[in-house]
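Letter by letter, the chains look like this.
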Protein chains: 4
Amino acid sequence: MQNEETLKRLKIVAGHMGGVIRMVEEGAYCIDIIRQIQAVQAALNKVSAGILEDHLNSCVTTAIRGENPAERERVMREITDVFVTATKV
Amino acid sequence: MQNEETLKRLKIVAGHMGGVIRMVEEGAYCIDIIRQIQAVQAALNKVSAGILEDHLNSCVTTAIRGENPAERERVMREITDVFVTATKV
Amino acid sequence: MQNEETLKRLKIVAGHMGGVIRMVEEGAYCIDIIRQIQAVQAALNKVSAGILEDHLNSCVTTAIRGENPAERERVMREITDVFVTATKV
Amino acid sequence: MQNEETLKRLKIVAGHMGGVIRMVEEGAYCIDIIRQIQAVQAALNKVSAGILEDHLNSCVTTAIRGENPAERERVMREITDVFVTATKV
């Protein structure tokens, strides 16, 4: 996913968030609001996955091919951390 | 959580989303962007939980005490559905 | 979901877990093991949703129709708590 | 996480699953059962994260340093896929 694609998608999500705010302002049904929040979260998951894919193909590849073991350790630790948080969000 | 509290929190999340968009525009480090997206999602989980709590104390209570079995079925089915989606987001 | 159905499903999941243990013992490919663990978790989500549905139709309904406000508070708080944890598991 | 550590943890989770089955057989309170299922899922998340960490340090590192672009593509695609599923479990 290119940077521009990421931006485009995030702006769509931001627009969706604005819609959720309007729903609350207009007194929409609770369950409908929760469903829209869940849709926003699902869209954010897709954006994160796209960013992770780019990251693996760029920074991670560079670090793993590089000569700096501490840097390699760091990038791999970050991926595990992001995965751990993903299972908790 | 009152409606006003929900709105206030959602507006904070929307501001946070704006921050994520700026990070992407400024070419921030991928992992930092993913972490901020995960923070947005965690904040949305809290908002959803607050809305659900209100819903249980109002609509669900009314329906369960009411005389309409179809309505009772509906509100309880909705809660299960929202729970199922929650475990998939 | 009846109790018997819950038991049956949990026993299938336990069998699946035994399969994951054998995969590790036999040195299966990491990603295949992770995928099977995720399948176990998805199956557990379905079991939880079924138990929640039963709970709403029994204990929660009884409590909400009952005359004990503290009991009503408790059952509704529990549902919100379980939802909050669900979004973190 | 070594293979032996993974096995040990999975066996503890399997024992925990046996406990959940007994709870259902003995007619435990629904919410307590759901909480134990959620604890099993959280434990499985930790096992998956440990396996992923090993995988990054072994197979992924080998593939990224290797001369086979298709193999590199494959391992990185797998990590993104596992991340996507993680956000849905």
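Residues numbered from 1 in each chain as written. Chains lettered and ligands numbered in written order. Predicted model: local features only at pLDDT ≥ 70, side-chain atom pairs only at ≥ 80, totals over all residues. Heavy atoms only, no water.

Student: Help me out: how do you make sense of the interface of chain B and chain A in this one?
Tutor: Often, the extent of an interface is quoted as the loss of accessible area on bringing the components together. Listed per partner, the contact involves 39 residues of chain B and 39 residues of chain A. With both sides pooled, the region where chain B packs onto chain A buries about 3600 Å², and carbon together with sulfur makes up 73% of that total. Counting across the chain B and chain A interface gives two salt bridges. In this assembly, chain B and chain A are joined by nine residue pairs in polar contact (both at pLDDT 80 or more). The element that contributes the greatest number of residues to the side of chain B that touches chain A is helix H2 (residues 30-65) of chain B, accounting for 18 residues. (Contact = heavy atoms within 4.5 Å. Buried area = accessible area lost by both parts, 1.4 Å probe. Salt bridge = Lys/Arg side-chain N within 4 Å of Asp/Glu carboxyl O. Polar contact = N/O pair within 3.5 Å; in protein donor to acceptor, adjacent residues only side chain to side chain. Helix = DSSP H or I, 4+ residues; strand = E, 2+ residues; numbered from the N terminus.)

Student: Hey, could you run me through the relation of the copies chain B and chain A in this one?
Tutor: To go from the first copy of the chain to the second, apply a rotation about an axis and then a shift along the same axis. Once chain B is rotated about the relating axis by 180° and shifted along it by 0.0 Å, it coincides with chain A to within an RMSD of 0.0 Å. Both copies are brought into coincidence by an operation consistent with a two-fold rotation axis. Residue Gln 41 of chain B, judged by its C-alpha, is the member of chain B lying nearest the rotation axis, at 2.9 Å. A share of 100% of interface residues in chain B that are also interface residues in chain A marks the association as one of identical surfaces. (Least-squares fit on C-alpha atoms with pLDDT ≥ 70 in both.)

Student: Even after reading the chapter, I still don't get the packing of H2 of chain B against helix H3 (residues 69-86) of chain C, so can you show me in this structure?
Tutor: Describing two packed helices takes the angle between their axes plus the distance from one axis to the other. It is the contact of H2 of chain B with H3 of chain C, at a shortest axis distance of 10 Å, that shows an interaxial angle of 140°. As judged from the angle between their axes, H2 of chain B and H3 of chain C are oblique. Read as a crossing pair, H2 of chain B and H3 of chain C show a hand that is right-handed. Counted together, Ser 48, Ala 49, Leu 52, Glu 53, Leu 56, Asn 57, Thr 61 and Arg 65 of chain B of H2 of chain B and Arg 72, Glu 73, Met 76, Arg 77, Ile 79, Thr 80, Phe 83 and Val 84 of chain C of H3 of chain C form the full contact between these two elements. Here the contact of H2 of chain B with H3 of chain C is composed, by residue class, of seven nonpolar, four polar and five charged. (Axes fitted to C-alpha atoms, helices over the stretch in contact; angles between N-to-C directions. Parallel < 35°, antiparallel > 145°, perpendicular 65-115°, else oblique. Left-handed = near helix turned anticlockwise from the far one by under 90°. Nonpolar A, V, L, I, M, F, W, Y, C, P; charged D, E, K, R; others polar.)

Student: I keep staring at the interface of chain D and chain B and nothing clicks. Help me out?
Tutor: Each side of the interface is counted separately: chain D has five residues, and chain B has five residues. Carbon and sulfur atoms make up 47% of the area that chain D and chain B hide from each other, which totals about 330 Å². Linking chain D with chain B are zero salt bridges, by the criterion used here. Partitioning the side of chain D that touches chain B into residue classes produces two nonpolar, two polar and one charged.

Student: Would you mind going over the environment of Asn 3 of chain D with me for this structure?
Tutor: All names here are of chain D. Topologically, Asn 3 is positioned in helix H1 (residues 3-25). Judged by relative accessible area, Asn 3 falls into the partly exposed class, the value being 43%. Between the alpha carbons of Asn 3 and Ile 51 there is a distance of 8.3 Å; along the sequence they are 48 residues apart. (Buried < 20%, exposed > 50% of the residue type's maximum accessible area, 1.4 Å probe, protein only.)

Student: Looking at this structure, how should I read the pattern of salt bridges?
Tutor: For the structure shown, the criterion picks out 28 salt bridges over all chains. The salt bridge involving Glu 25 of chain B is made with Lys 11 of chain A; its shortest N-O contact spans 3.7 Å. With Glu 25 of chain B in helix H1 (residues 3-25) and Lys 11 of chain A in helix H1 (residues 3-25), the pair connects residues from two separate chains. According to the relative accessible area criterion, Glu 25 of chain B is partly exposed, its value standing at 45%. Between Arg 74 of chain A and Glu 71 of chain A there is a salt bridge, and its shortest N-O distance comes to 2.9 Å. Within this pair, Arg 74 of chain A and its partner Glu 71 of chain A are both found in helix H3 (residues 69-86), separated by three residues, close to a single helical turn. For Arg 74 of chain A, a relative accessible area of 35% gives the class partly exposed. In this structure Glu 71 of chain A comes out as partly exposed when scored by relative accessible area, which is 29%. Put simply, Glu 53 of chain A together with Arg 77 and Asp 81 of chain D are held in one network by salt bridges that share partners.

Student: I keep staring at the relation of the copies chain D and chain B and nothing clicks. Help me out?
Tutor: Of the transformation superimposing chain D on chain B, the axial component is 0.0 Å and the angular component is 180°, with the fit at an RMSD of 0.0 Å. The fraction of interface residues of chain D whose copies in chain B are also interface residues reaches 100%, indicating that both copies meet through the same surface.

Student: What is the right way to look at helix H3 (residues 69-86) of chain B in this model?
Tutor: Turn by turn, an α-helix covers 3.6 residues, leaving residues three or four places apart pointing in a common direction. Compared with an ideal rise of 1.5 Å per residue, which puts 18 residues at 26 Å, H3 of chain B spans 26 Å between its outermost C-alpha atoms and is within 8% of the ideal. Within H3 of chain B, the full set of buried residues consists of Arg 72, Val 75, Met 76, Glu 78, Ile 79, Thr 80, Val 82, Phe 83 and Ala 86 of chain B. Close packing links the buried residues of H3 of chain B with helix H2 (30-65) of chain A, H2 of chain B, helix H2 (30-65) and H3 of chain C together with helix H2 (30-65) of chain D. If you check the start of H3 of chain B, you find a side-chain oxygen 3.0 Å away from the backbone N of Ala 70 of chain B, and it comes from Asn 68 of chain B. (Expected span 1.5 Å × (residues − 1).)

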